[in-house]
Amino acid sequence: MHIHLADQYRPGAGWLHRLDPRVKVIVCLGFILTASGLPPGSWLSLAGLFLIALGAAWSSGLGVTFALRRSLIALPFALAALTLPFTTPGERLLEWPALGLAVSRPGLIQAGSLLLRAWLAVQAAALLLGTTRFRELLWALEAVRVPAVIVSLLGLTYRYLFLLADEALHMLRARRARSAGGRGPGMRWQARAAGAMVGALFLRALERSQRVHAAMLSRGYDGRARILQTRRLLPADTLALTLAFAGFGGLIAAALTAA
Amino acid sequence: MFLSPAAMHIPDGFLSLPVALVGWGLTLALLAAALRRTNTASQLPLMGVLAAFIFAAQAINFPVAAGTSGHLIGGALAAILLGPWQGMLAMTAVVTVQALVFQDGGLLALGWNLFNMAALACFAGDWVHRRLGALQGRRAPAAGFLAGWLSVMAAATAASLQLALSGTVALRLVLPATLGVHALIGIGEGLITAGAVAFLRGAQPAVLARPEGASGDRRPAYLLLGLGLALLLTPLASGFPDGLERVAERLEFGAQARGLGIGLLSDYAIPGVSSPALATALAVALGAALLAGVGWLLARSLARAES
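Residues numbered from 1 in each chain as written. Chains lettered and ligands numbered in written order. Predicted model: local features only at pLDDT ≥ 70, side-chain atom pairs only at ≥ 80, totals over all residues.

A.B. asks: Looking at this structure, I do not really get the overall build of chain B. What am I missing?
C.D. replies: Of the regular secondary structure elements, chain B holds 10 helices and 2 strands. A buried classification covers 56% of the 307 residues belonging to chain B. Put simply, of all contacts in chain B between residues at least 6 apart along the chain, 74% involve residues at least 24 apart. (Helix = DSSP H or I, 4+ residues; strand = E, 2+ residues; numbered from the N terminus. Buried ≥ 20, exposed ≤ 12 C-beta atoms within 10 Å, placed from the backbone. Contact = placed C-beta atoms within 7 Å.)

A.B. asks: Looking at this structure, I do not really get the overall build of chain A. What am I missing?
C.D. replies: The helix and strand tally for chain A stands at 10 helices and 2 strands. Traced from its N-terminal end to its C-terminal end, chain A shows the element sequence α-α-α-α-α-β-β-α-α-α-α-α. Against the 2.2 N^0.38 benchmark of 18 Å for 259 residues, chain A shows a C-alpha radius of gyration of 24 Å, more extended than a compact globule. Principal-axis analysis of the C-alpha atoms places the extent of chain A at approximately 65 × 60 × 30 Å. Burial statistics for chain A: of 259 residues in total, 47% are counted as buried. Long-range pairs, those at least 24 residues apart, make up 73% of the contacts in chain A between residues at least 6 apart in sequence. (Rg over C-alpha atoms; globule rule 2.2 N^0.38 Å.)

A.B. asks: Looking at this structure, how should I read the interface of chain A and chain B?
C.D. replies: Where the parts come together, the accessible area they lose is often given as the size of the interface. The interface is formed by 104 residues belonging to chain A together with 104 residues belonging to chain B. When residues of the side of chain A that touches chain B are traced back to their parent elements, those giving at least two are α2 (21–37), α4 (75–81), α5 (84–87), α6 (105–131), α7 (134–143), α8 (148–179), α9 (187–218) and α10 (235–257) of chain A. The residue inventory of the side of chain A that touches chain B, partitioned by class, reads 69 nonpolar, 24 polar and 11 charged. (Nonpolar A, V, L, I, M, F, W, Y, C, P; charged D, E, K, R; others polar.)

A.B. asks: Hey, could you run me through the packing of helix α3 (residues 43–59) of chain A against α6 of chain A in this one?
C.D. replies: Residues and elements named next belong to chain A. As a packed pair, α3 and α6 sit with axes 10 Å apart at the nearest point and diverge in direction by 25°. Here α3 is positioned roughly parallel relative to α6, judged by the angle of their axes. Crossing handedness for the pair α3 and α6: left-handed. The segment α3 lies against α6, with Leu46, Leu49, Phe50, Ala53, Ala56 and Ala57 engaging Leu116, Arg117, Leu120, Gln123, Ala124 and Leu127. Split into classes, the residues belonging to the contact of α3 with α6 amount to 10 nonpolar, 1 polar and 1 charged. (Axes fitted to C-alpha atoms, helices over the stretch in contact; angles between N-to-C directions. Parallel < 35°, antiparallel > 145°, perpendicular 65-115°, else oblique. Left-handed = near helix turned anticlockwise from the far one by under 90°.)

A.B. asks: How should the domain arrangement of chain A be read in this particular structure?
C.D. replies: All names here are of chain A. Each assigned domain of chain A is listed with its residue range as follows: domain 1 (15–142 + 231–257) and domain 2 (147–218). Taking only C-alpha atoms, the centre of domain 1 and the centre of domain 2 are 36 Å apart. Taken together, the contacts link 4 residues of domain 1 with 5 residues of domain 2. Residues of the side of domain 1 that touches domain 2, tallied by class, amount to 3 nonpolar, no polar and 1 charged. (Domains from an automatic or database assignment.)

A.B. asks: Just to check I follow, could you spell out the confidence of the model for chain B for this structure?
C.D. replies: When pLDDT drops low, the exact placement of atoms in the prediction is not to be read closely. Residues and elements named next belong to chain B. Model confidence for chain B is summarised by a mean pLDDT of 82, while 79% of its residues fall at 70 or above. Taken as a whole, residues 258–267 scores under 50 in pLDDT and shows 12 contacts with residues more than four places along the chain or in a different chain. Reported confidence for the predicted complex is 0.90 by ipTM and 0.89 by pTM. (pLDDT = per-residue confidence, 0-100.)

A.B. asks: Looking at this model, I keep getting lost on the environment of isoleucine 73 of chain B. Mind explaining?
C.D. replies: On the secondary structure map, isoleucine 73 of chain B appears in the loop between β2 (69–70) and α3 (75–82). Residues isoleucine 73 of chain B and methionine 91 of chain B lie 18 residues apart in sequence; the distance between their C-alpha atoms is 9.3 Å.

A.B. asks: Explanation requested: the environment of glycine 228 of chain B in the structure shown.
C.D. replies: All names here are of chain B. Note on placement: glycine 228 falls in helix α8 (residues 219–237). Exposure remark for glycine 228: the 25 C-beta atoms within 10 Å place this residue in the buried category. Remark: the alpha-carbon pair of glycine 228 and histidine 71, spanning 157 residues in sequence, is separated by 27 Å. Setting aside anything within four residues of it in sequence, one finds glycine 228 in contact with Leu26 and Phe115.

A.B. asks: Teacher, can you tell me more about unusual backbone geometry here?
C.D. replies: In most cases, non-glycine residues show a negative phi, while peptide bonds are predominantly trans. Residue and element names in this part refer to chain A. For arginine 145, which is not a glycine, the phi torsion comes out positive at approximately 75°. The topology assignment puts arginine 145 in the loop between α7 and α8. Look at arginine 145 and you get exposed, because 8 C-beta atoms sit within 10 Å.

A.B. asks: For this particular structure, what's the right way to read the nonpolar core?
C.D. replies: Soluble globular proteins tend to bury their nonpolar side chains together. Residue and element names in this part refer to chain B. Residues Phe53, Ala90, Met91, Ala119 and Ala121 are the most contacted members of the largest nonpolar core, which totals 182 residues. Residue contributions to this core peak at 17 residues, all from helix α6 (residues 140–165). In this structure, alanine 119 is in contact with Thr27, Leu30, Met88, Leu114, Ala221 and Leu225, ignoring residues within four places of it in sequence. (Core = buried A, V, L, I, M, F, W, Y, C linked by C-beta atoms within 7 Å.)

A.B. asks: Honestly, helix α2 (residues 40–57) of chain B in this entry has me stumped. Any pointers?
C.D. replies: Helical geometry: 3.6 residues make up each α-helical turn, so side chains three or four residues apart lie on a common side. At leucine 46 of chain B, α2 of chain B is bent by approximately 35°, the largest bend along its length. The element α2 of chain B is largely enclosed, with a buried count of 16 among its 18 residues. (Bend = angle between axes of the 7 residues up to and from the residue.)

A.B. asks: Can you walk me through the pairing of strand β1 (residues 92–96) of chain A in this structure?
C.D. replies: Residue and element names in this part refer to chain A. Buried residues are scarce in β1, accounting for 0 of its 5 residues. The sheet contact formed by β1 and strand β2 (residues 101–104) spans 4 bridges and is antiparallel. Following the sheet pairing, tryptophan 96 is matched in β2 by leucine 101. Hairpin connection between β1 and β2: a loop of 4 residues separates the two successive antiparallel strands, and glycine 100 in this loop has a positive phi of roughly 70°. (Pairing = 2+ DSSP bridges.)

A.B. asks: Honestly, the environment of threonine 242 of chain A in this entry has me stumped. Any pointers?
C.D. replies: Here threonine 242 of chain A is to be found in helix α10. C-beta crowding within 10 Å serves as the criterion here: with 20 such atoms nearby, threonine 242 of chain A is assigned to the buried category. Expressed as a C-alpha distance, the spacing of threonine 242 of chain A and proline 85 of chain A, which sit 157 residues apart in the sequence, is 38 Å. Apart from the residues within four sequence positions on either side, threonine 242 of chain A is in contact with Ala292, Gly295, Trp296 and Ala299 of chain B.

A.B. asks: Please explain α6 of chain A as it appears in this structure.
C.D. replies: Between its terminal C-alpha atoms α6 of chain A stretches 39 Å, which fits the 39 Å expected from 27 residues at 1.5 Å a residue. For α6 of chain A, the tally of buried residues reaches 24 of 27 residues, placing the bulk of the element in the interior. (Expected span 1.5 Å × (residues − 1).)

A.B. asks: Looking at this structure, how should I read the packing of α6 of chain B against helix α7 (residues 171–203) of chain B?
C.D. replies: Two quantities define a packed helix pair, namely the angle between the helix axes and the distance between the axes. All names here are of chain B. Close contact between α6 and α7 brings their axes to 6 Å; oriented N to C, the two are set at 155°. By the angle class used here, α6 and α7 are roughly antiparallel. Crossing of α6 against α7: the hand is right-handed.

Encoded structure:
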């Protein structure tokens with residue numbers, strides 16, 4: 001199955017869940033920018049970022065291993081990065097002339113830094129998405145100046161995603177039920193059938209979108225979404241944002257001055 | 001694992017910061033152009049539901065050889081069914097929701113991911129499809145196949161150029177591997193796109209008969225996409241050191257600097273402070289205070305926007 005409908009949100013009541021979603025979005029972006037901007041080989045600063053992510057996960061009751069499984073998604077890219085020690089020119093640490101392979105020091109530093117910062121960025125995003133409902137996330141995105149049209153589009157996509165995915169899964173189940181596990185006359189035929197299913201799904205979606213649009217118009221939709229429930233920034237939110245950025249600043253400065 | 005669409009969603013950390021930021025700049029310009037050329041407010045329900053359709057259509061697959069399966073990424077199909085600008089916006093919603101809800105692909109890398117899978121895939125598919133002629137003619141499925149195949153190849157090539165430019169993997173390794181794998185993935189994409197076009201041509205030809213020019217002027221997209229590809233290709237073509245050599249030089253320099261006992265950025269040494277440990281501590285405090293100020297100002301502006 002090439003679709004996984006496991007929403008990343010974990011219900012909970014830790015302080016990360018209660019933190020203002022706008023603050024979470026900004027801090028998460030700051031974290032990822034910091035991680036990506038650190039020069040290769042800034043091990044101390046990378047460790048500092050790791051402690052921040054670990055501390056946040058642990059202190060808000062998510063568990064230390066929360067983000068670990070999500071890191072697997074980066075596996076194909078991690079495998080590509082593992083070729084770096086062999087392909088980067090520079091001082092050689094190990095050599096196998098018989099195989100024509102050599103491990104270079106800059107290559108090792110680059111590959112190690114890369115995998116660490118990718119792993120850290122995955123953790124930061126996992127913490128944001130694990131503690132923020134999609135509805136709150138959309139509201140936060142609009143508050144940090146993402147155009148309202150895009151935010152509404154994302155909201156509608158999310159709203160009908162699970163419905164249409166269900167419909168696609170029903171169609172797949174119907175195909176399995178009628179083909180008795182057989183593989184059909186051949187790949188061409190299979191592809192044609194899959195294409196026809198996609199086409200049929202499109203017609204259903206098109207019809208649904210027209211019904212949805214008519215229903216929205218009948219309720220007074222004028223192209224803007226209105227949200228009744230908002231929240232105000234609390235002193236604790238300001239404190240969290242300021243402290244997080246202080247941490248990032250300190251770690252960047254440490255990486256730049258490290259001798 | 002390699003034969004899944006996730007292999008095209010670049011996660012965070014695998015692009016260098018400047019490369020990632022350039023990608024965001026190009027993508028924001030493309031999105032602004034798309035929003036200007038579509039009547040988005042009145043088409044929101046249509047595009048939202050159809051973005052969800054693309055997402056769901058990615059679940060429909062068929063077995064190919066060796067335990068892999070053919071399936072859809074959707075850029076070409078979105079462009080054929082909705083027009084390139086609307087298709088690009090629908091794909092933007094798909095790829096962004098994949099990043100924000102399912103963590104497929106990074107947030108900083110989302111700029112290039114949108115450039116590849118939403119903009120480039122849609123406009124490449126649209127270009128092939130229009131070149132090959134009538135939407136409703138007998139050649140429509142063949143045009144759909146080529147549009148689907150090329151959209152995947154274009155997006156995959158762009159993604160490997162971005163990775164190579166970031167110094168994440170050597171171009172001579174990533175390009176053949178990516179092109180080889182995606183030439184196969186593209187066949188699945190092409191077959192499903194062709195099948196969908198053939199089905200719709202029989203079942204409801206009206207939905208394929210988009211009025212010509214309904215999707216507006218394509219030139220801004222060609223300009224921005226061309227600029228992006230040129231930015232990706234120039235460093236490789238002009239004999240500049242490739243990403244990895246640059247990385248190596250920087251790191252070798254760092255190692256030499258360490259060996260000579262000077263800091264990587266000795267300009268940061270603070271005059272009048274002789275102890276390196278104290279200088280580092282001061283720099284750390286300064287950096288922390290500086291960004292704490294930035295954080296506080298951001299919080300202030302959030303609070304001000306409320307009232």
